[in-house]
Amino acid sequence: VRMEQDLRGAWERGELSLAYQPVYRLDDGRLVGAEALLRWRHPEHGHVAPALFIDVAEQSGLIEAIGPQVLRAACMDARGWQEEAPAARQLFVSVNVSARQLRAGDLATQVEAVLRETGLPPSRLHVELTETAVIGDEARVSGLLARLRNSGVKVWLDDFGTGFSGLSHLRRVPVDGVKIDRSFIADVLRDPDDLALTTAIIAMAHSLGIQVVAEGVEKEGQYALLRERGCDMAQGYWLGQPMPDEEFRRLLA
Ligand code: G
Ligand code: G
Ligand code: MN
Ligand code: NA
């Protein structure tokens, strides 16, 4: 209850901010975009772990207020990146959308309004949904995602592989790609099962005509292996930590 109270109005008080983690294409090593990750600096307790407060935001319904603010801020920041370098005109920003947000308002209408307001081209906005967000409501979610994708927004299935039923979802839910959960990448150099799963996810995604991002790349060897296996993109501490917008802009300049 305490955290819920503290989280209420945190955005307006300037305690919440976005960090951007760079995403690189593996074939040529180019920067292609960034994932927006919410950060909370509590006035007394300092930095609060996102896994903790996102859960509270989700349970309490506060995410329905915070989500649209995150979406708008991320699109505005991404629109500003091109001021640093002409090539930044192509970069995407990837925004996490939770199950509750997906069910609450009309996400497609919200997204369309924010894109109009910020002038960010739709193809530069990516939306990340977890497999669990999609479960149970596939018909409605599919319709919503189809509308988003028709407008040019790209949709990714996040934490892919952890939901046990990833394959069946891909059949019914239209997405542009999957993000391999970092738990598979962590041991991919040592554990033959994780390597087999990662390789299988890449092959399966490509045979369905969709792309693959690997998360949690912490070592050069993981990067090299993923590249060799034909994975499309990667992010992780070895490539770049999540950083404030000012720092991300310095990376672009
Ligand atoms: O940021 P890590 O930095 O620890 O993020 C932890 C979790 O919080 C991840 O699963 C991530 O998807 C989720 N997350 C981060 N930012 C957002 C956000 O803006 N909205 C939602 N719904 N989830 C987020
Ligand atoms: O669930 P989601 O994929 O949206 O969350 C991304 C989370 O992963 C964030 O908490 C982010 O800070 C974290 N993260 C990003 N890169 C790495 C990495 O290389 N290693 C680990 N352990 N976590 C990472
Ligand atoms: Mn994510
Ligand atoms: Na993930």
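For the structure itself, consult the block above.
First, a word on scope: everything that follows refers to the structure included in this document. (Residues numbered from 1 in each chain as written. Chains lettered and ligands numbered in written order. Predicted model: local features only at pLDDT ≥ 70, side-chain atom pairs only at ≥ 80, totals over all residues.)

Scanning the protein chain from N- to C-terminus turns up twelve helices and ten strands. Since a compact globule built from 253 residues should have a radius of gyration of about 18 Å, the 18 Å found for the protein chain is in line with a globular shape. With respect to the principal axes defined by its C-alpha atoms, the protein chain has extents near 45 × 45 × 35 Å. Counting across all 253 residues of the protein chain, residues that qualify as buried make up 39%. (Helix = DSSP H or I, 4+ residues; strand = E, 2+ residues; numbered from the N terminus. Rg over C-alpha atoms; globule rule 2.2 N^0.38 Å. Buried ≥ 20, exposed ≤ 12 C-beta atoms within 10 Å, placed from the backbone.)

In the vicinity of ligand 1, the contacting residues are Leu 37, Leu 38, Pro 50, Ala 51, Ile 54, Ile 63, Val 70, Asn 96, Val 97 and Ser 98. Put simply, the parts of the chain that give the shell around ligand 1 at least two residues each are strand E2 (31-42), helix H2 (50-60), helix H3 (63-81) and strand E4 (92-97). The element that contributes the greatest number of residues to the shell around ligand 1 is H2, accounting for three residues. Split by residue class, the shell around ligand 1 holds eight nonpolar, two polar and no charged. (Near = placed C-beta within 6 Å. Nonpolar A, V, L, I, M, F, W, Y, C, P; charged D, E, K, R; others polar.)

Quick look at H2 now. Looking at H2, one finds that the buried residues are Phe 53, Ile 54 and Ala 57. Seen end-on, H2 carries its buried residues on one side only, within an arc spanning 105 degrees. For H2, the exposed residues set more than 90 degrees away from the buried face come down to Ala 51, Leu 52 and Gln 59. The inward-facing, buried residues of H2 contact helix H1 (2-7), E2, strand E3 (46-48) and H3. A positive phi of about 90 degrees marks Gly 61, the residue just after H2. (Arc of directions from axis to C-beta. Contact = placed C-beta atoms within 7 Å.)

Residue Asp 159 is not a glycine yet carries a positive backbone phi of 50 degrees. Here Asp 159 shows up in strand E6 (residues 154-160).

Take Val 213: it is sitting in strand E8 (residues 211-214). Residue Val 213 is classed as buried on the basis of its 29 C-beta neighbours within 10 Å. Residues Val 213 and Gly 33, spaced 180 residues apart in sequence, show a C-alpha to C-alpha distance of 12 Å. The contacts of Val 213, once residues within four sequence positions are left out, are Val 23, Gly 177, Lys 179, Asp 232, Met 233, Ala 234 and Gln 235.

In this section: the site of ligand 2. Taken together, 14 residues lie near ligand 2, and Gly 216, Glu 218, Gly 236, Tyr 237 and Pro 242 sit nearest. Its residues assigned to classes, the shell around ligand 2 comprises five nonpolar, four polar and five charged.

So, on to the environment of Ile 210. Tracing the chain through its elements places Ile 210 in the loop between helix H10 (192-207) and E8. Judged by local crowding, Ile 210 falls into the partly exposed class, with 18 C-beta atoms found within 10 Å. In this structure the C-alpha to C-alpha distance between Ile 210 and Pro 174, which are 36 residues apart in sequence, comes to 9.7 Å.

Another aspect to go through is the environment of Ile 63. Tracing the backbone through its elements, the reader meets Ile 63 in helix H3. In this structure Ile 63 comes out as buried when scored by C-beta crowding, with 23 C-beta atoms within 10 Å. Through-space distance from the C-alpha of Ile 63 to that of Glu 218 is 30 Å; in sequence the pair is 155 residues apart. In contact with Ile 63, not counting residues within four places along its chain, are Ala 57, Glu 58, Ser 98, Arg 100 and Gln 101.

Read these as layout, nothing more, since geometry by itself doesn't imply function.
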